[in-house]
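A closer look at the structure
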Amino acid sequence: MASRQQRRDRLIFLVPSMTVLAVLLVYPLAYSLGLSFYNYYLPVPHTTFVGLDNFRYILGDDAFWDALGVTARFTGAAVAIEVVLGIAVALLLDARIPCRRFVNTVVLLPMAITPAVAGLLMRWMFESNWGLVNYFLGLVGVRGPGWTGDPAWALWSIIFADVWQNTPFVILVVYAGLQSVPVEPLEAAMVDGASRAQTLTHVVFPFLRPLVLFVLIIRSMDAFRIFDQVFVMTGGGPGTTTQTITFYNYVMAFRQLRMGRASALGVITLLILSLVIGAWIYLLYRREKGEW
Amino acid sequence: MVSRGVGAPRVVLARALVYLALLAVVAVSLFPIYFALTTSLKQTRDAFTTPPTWIFTPTLEHHRFIWVETPFPRYLFNTLVITIGTVLLSIPLGCMAAYYLARYRSRPIQVLLFSLLAVRAFPRILLLVPFFLVARATQLYDTHILIILIIVAFNQPFAIWLMRGFFLDVPRELPEAAMIDGCSSLQAFLRVVLPVVRPGVFTAALFTFLFAYNEFLYCLILTGSHAKPLSVAIAQYGAEKIEYWSWSAAGAVGILAPIVLFIAVMQRHLVKGLTFGTLKG
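None of the values given here were measured: they were computed from a predicted structure. (Residues numbered from 1 in each chain as written. Chains lettered and ligands numbered in written order. Predicted model: local features only at pLDDT ≥ 70, side-chain atom pairs only at ≥ 80, totals over all residues. Heavy atoms only, no water.)

Here the focus is the overall build of chain A. A tally of helices and strands in chain A yields 12 helices and 2 strands. Within chain A, contacts between residues at least 6 apart in sequence are counted, and of these 68% link residues at least 24 apart. Between the averaged position of the 21 positive side-chain charges in chain A and that of its 17 negative side-chain charges there is a distance of 7 Å. (Helix = DSSP H or I, 4+ residues; strand = E, 2+ residues; numbered from the N terminus. Contact = heavy atoms within 4.5 Å. Lys, Arg positive; Asp, Glu negative; His and termini not counted. Charge placed at Lys NZ, Arg CZ, Asp CG, Glu CD.)

Quick look at the structure:
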């Protein structure tokens, strides 16, 4: 049982923050759940209870499955590239180099930039006529595609934009991890005559494993709900080739004005995410208890 | 870790490759920003050419235009109100909750901590519909306070987790001693514990600031001419006329400049904040 002191502390310290969360997260969540069982077309003032119709509609909706596929491909590709590239650059930075602070700052920059503005910068980079990506490709004799305007490449433009912006996060976390690799096993490996590659695979990588898992979780969660860059770079197009789940949800709610249906789509997204995150939290929780 | 080759030429070669790779990383990181800056300073006819015009006579015309002839100062003002408001609300609330969650341990507290983590993964768009409907029904649509409250709520889990890490480092005896001397637990927190974790508070404030500064989706839907921040205003410059691109480059530079300065000055704190929670687990 909580002591009197603890109950008083809870009231003073915890309750204010939790009240904000309850009013601004839990209440709207409940509202949204309720709404998902109603037919609510914004221009029509009254709503009708339709049971599971909205869910049935979405599960039978090709655009939903397309959007889910786009989101999965985006998340998979972007996160995979970011993690591999991030680890590589972190290892580079770990070598003793001059002006590390400058390099650190520069590498951090993309991460702090407003995602919508990063999308804008990337749209310019990938512009098919005067964009610099195609210009540089031209210099090495490659004729670049139309990127954001080309159905085959539009999603890749967004993937590259995300890689540009978010690889720094991976670099940073892995780099910090490298700084705290315990010295003793490293020295032991050296004494035993291990090559640098062996040291990496047998000493450093196992140590980094929990960090990499953490980065994977955070990055996938963020990538899964990407919206800003899609909005700015392609608007979901050409056609619906870059329409992610979140973007489709936005279209449903604020262009088609189908509030009930959009809520149902949000609930479905939440269920999908919960399954994945449930598994992750289970892993993290085991880590907290020190059971790796 | 330091790479150690066997012979001197191999070391030199390895070194050179490392530098080359890092140079490439730096170039790729900086180039888009450099490009936005030069585009904003070019005459429109120099800005969109193939091959790119590398040498040009700079002009401040686009910057003058957006800051003098469009409501950009208004958007900047909105951004500042939103970010500062968010920091002022979010940090005290988050610190206090974090202190409690660091001081006491129980099963429900563990569950709460992990539920908070789950908020980070939340499909935010799910809450946008209720926010929008409530905002429309009340007088809250297009107000700063609505956006501030929403960002505060979404920022709480992050602030709490980060600050909790700092509070865990404070010895329990510290507030307890103060309380034996007659402080209430709130006084002990404010006078004894808080000063110790000041760097942590600073780090949390920095991140919260960036988080609010960069918010897009909620602002896009929930603000109009009154409370619209920079992030949304810039994204809404269409691409129909080529001049628009120059203007939006100038706008992009306007919104980026503070971030670049911020990062340059605060680099160490940001790195600490990002890696801190991670390494503690």
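Take the overall build of chain B next. Tallying secondary structure elements over chain B gives 13 helices and 0 strands in all. The order of α-helices and β-strands along chain B, N terminus first, is α-α-α-α-α-α-α-α-α-α-α-α-α. In summary, chain B has a C-alpha radius of gyration of 24 Å against a globular reference of 19 Å for 281 residues, an excess of more than 25%. Taking the principal axes of the C-alpha coordinates as reference, chain B spans close to 75 × 75 × 35 Å. Across the 281 residues in chain B, those meeting the buried criterion constitute 54%. The long-range fraction of contacts in chain B, counting pairs at least 24 apart against all pairs at least 6 apart in sequence, stands at 74%. Separation between the mean location of the 22 positive side-chain charges and that of the 11 negative ones in chain B comes to 10 Å. (Rg over C-alpha atoms; globule rule 2.2 N^0.38 Å. Buried < 20%, exposed > 50% of the residue type's maximum accessible area, 1.4 Å probe, protein only.)

Below, the discussion takes up unusual backbone geometry. All names here are of chain A. Cis geometry is adopted by the peptide bond preceding Pro 238, which originates at Gly 237 and carries an omega value of -5°. In this fold, Pro 238 is placed in the loop between α10 (228-233) and α11 (245-254). Located in the positive-phi region is Trp 147, a residue other than glycine, with phi close to 45°. You can see Trp 147 is positioned in the loop between α6 (132-139) and α7 (154-179). Among the residues examined, Trp 147 registers a relative accessible area of 5% and is labelled buried. Its identity is not glycine, yet Leu 257 carries a phi of approximately 60°, on the positive side. Residue placement: Leu 257 occurs in the loop between α11 and α12 (259-288). Given the relative accessible area of 24%, Leu 257 is considered partly exposed.

Next up on the list: helix α7 (residues 144-168) of chain B. Residue and element names in this part refer to chain B. Under the 1.5 Å per step criterion, the end-to-end length of α7 is 34 Å for 25 residues, consistent within 8% with the ideal 36 Å. The sharpest bend along α7 measures roughly 40° and falls at Asn 155, with the proline Pro 157 sitting one to four residues further on. Within α7, 20 of the 25 residues are buried, which leaves it mostly tucked inside the rest of the structure. (Expected span 1.5 Å × (residues − 1). Bend = angle between axes of the 7 residues up to and from the residue.)

Time to look at the interface of chain B and chain A. Listed as interface residues are 98 residues of chain B and, on the opposing side, 97 residues of chain A. Roughly 9100 Å² is buried in total at the junction of chain B and chain A, and carbon and sulfur atoms are behind 77% of that figure. Counting every contact that joins chain B to chain A gives 11 residue pairs in polar contact (both at pLDDT 80 or more). Element by element, the count of residues in the side of chain B that touches chain A is highest for helix α13 (residues 242-280) of chain B, at 17 residues. (Buried area = accessible area lost by both parts, 1.4 Å probe. Polar contact = N/O pair within 3.5 Å; in protein donor to acceptor, adjacent residues only side chain to side chain.)

Another point: the pattern of salt bridges. Summed over the entire model, instances satisfying the criterion amount to 9 salt bridges over all chains. The salt bridge partner of Asp 53 of chain A is Arg 56 of chain A, with a shortest N-O separation of 2.8 Å. Highlighted residues: Asp 53 of chain A and Arg 56 of chain A, both in helix α2 (residues 53-59), separated by 3 residues, approximately one helical turn. Take Asp 53 of chain A: its relative accessible area is 39%, and that puts it in the partly exposed class. You can call Arg 56 of chain A exposed: its relative accessible area is 56%. Here Glu 61 of chain B makes a salt bridge to Arg 64 of chain B, at a shortest N to O gap of 3.2 Å. Linking Glu 61 of chain B with Arg 64 of chain B, this pair stays in helix α3 (residues 61-69), spanning 3 residues, or about one helical turn. By relative accessible area, which is 37% here, Arg 64 of chain B ends up partly exposed. Each member of the salt-bridge network shares a partner with another, and the members are Glu 82, Asp 162, Arg 219, Asp 222 and Arg 225 of chain A. (Salt bridge = Lys/Arg side-chain N within 4 Å of Asp/Glu carboxyl O.)

Where nonpolar side chains cluster on the molecular surface, the patch consists of Phe 136, Leu 139, Val 140 and Val 142 of chain A together with Tyr 34, Trp 54 and Ile 55 of chain B and spans about 750 Å² of accessible area. On the secondary structure map, Val 142 of chain A appears in the loop between α6 and α7. (Patch = residues over 30% accessible without salt bridge, like charges linked within 9 Å, V, L, I, M, F, W, Y side chains within 5 Å. Areas by Shrake-Rupley, 256 points an atom, 1.4 Å probe, with all protein chains shown as cover.)

A word on the nonpolar core. Trp 124, Tyr 250 and Met 259 of chain A together with Met 163, Phe 167 and Leu 222 of chain B are the most contacted members of the largest nonpolar core, which has 195 residues in total. Beyond its immediate sequence surroundings of up to four residues, Leu 222 of chain B is in contact with Leu 128, Phe 131, Phe 132, Ala 135, Tyr 141, Asp 142, Leu 146, Ile 147 and Ile 150 of chain B. (Core = buried A, V, L, I, M, F, W, Y, C linked by side-chain atoms within 4.5 Å.)

Time to look at the environment of Gly 149 of chain A. Residue and element names in this part refer to chain A. If you trace the backbone, Gly 149 turns up in the loop between α6 and α7. Using a relative accessible area of 56% as the deciding quantity, one classes Gly 149 as exposed. Taking the C-alpha atoms as reference, Gly 149 lies 24 Å from Pro 110; in sequence the two are 39 residues apart.

Below, the discussion takes up the side chain of Ser 40 of chain B. Residue and element names in this part refer to chain B. Following the sequence through the fold, Ser 40 ends up in helix α1 (residues 8-41). On the accessibility criterion, Ser 40 (0% relative accessible area) is buried. A polar contact is formed between the side chain of Ser 40 and the side chain of His 63, at a distance of 2.9 Å. Once you skip the residues sitting within four places of it in the chain, Ser 40 turns out to touch Thr 59, His 62, His 63, Ser 246, Ala 249, Ala 250 and Val 253.

Glancing now at the packing of aromatic side chains. Using the criterion set out here, one finds 38 aromatic pairs over all chains in the structure. With 4.9 Å between their ring centres and 65° between their planes, Phe 64 of chain A and Trp 65 of chain A make a pair best called edge-to-face. Under the relative-accessibility criterion, Phe 64 of chain A is labelled buried at 1%. The class of Trp 65 of chain A is partly exposed, set by a relative accessible area of 45%. Each member of the aromatic cluster is reached from another via a ring pair, and the members are Phe 227, Phe 231, Phe 247, Tyr 250 and Phe 254 of chain A together with Phe 132 and Phe 216 of chain B. (Phe/Tyr/Trp six-rings, centres within 6.5 Å; stacked < 30°, edge-to-face > 60°.)

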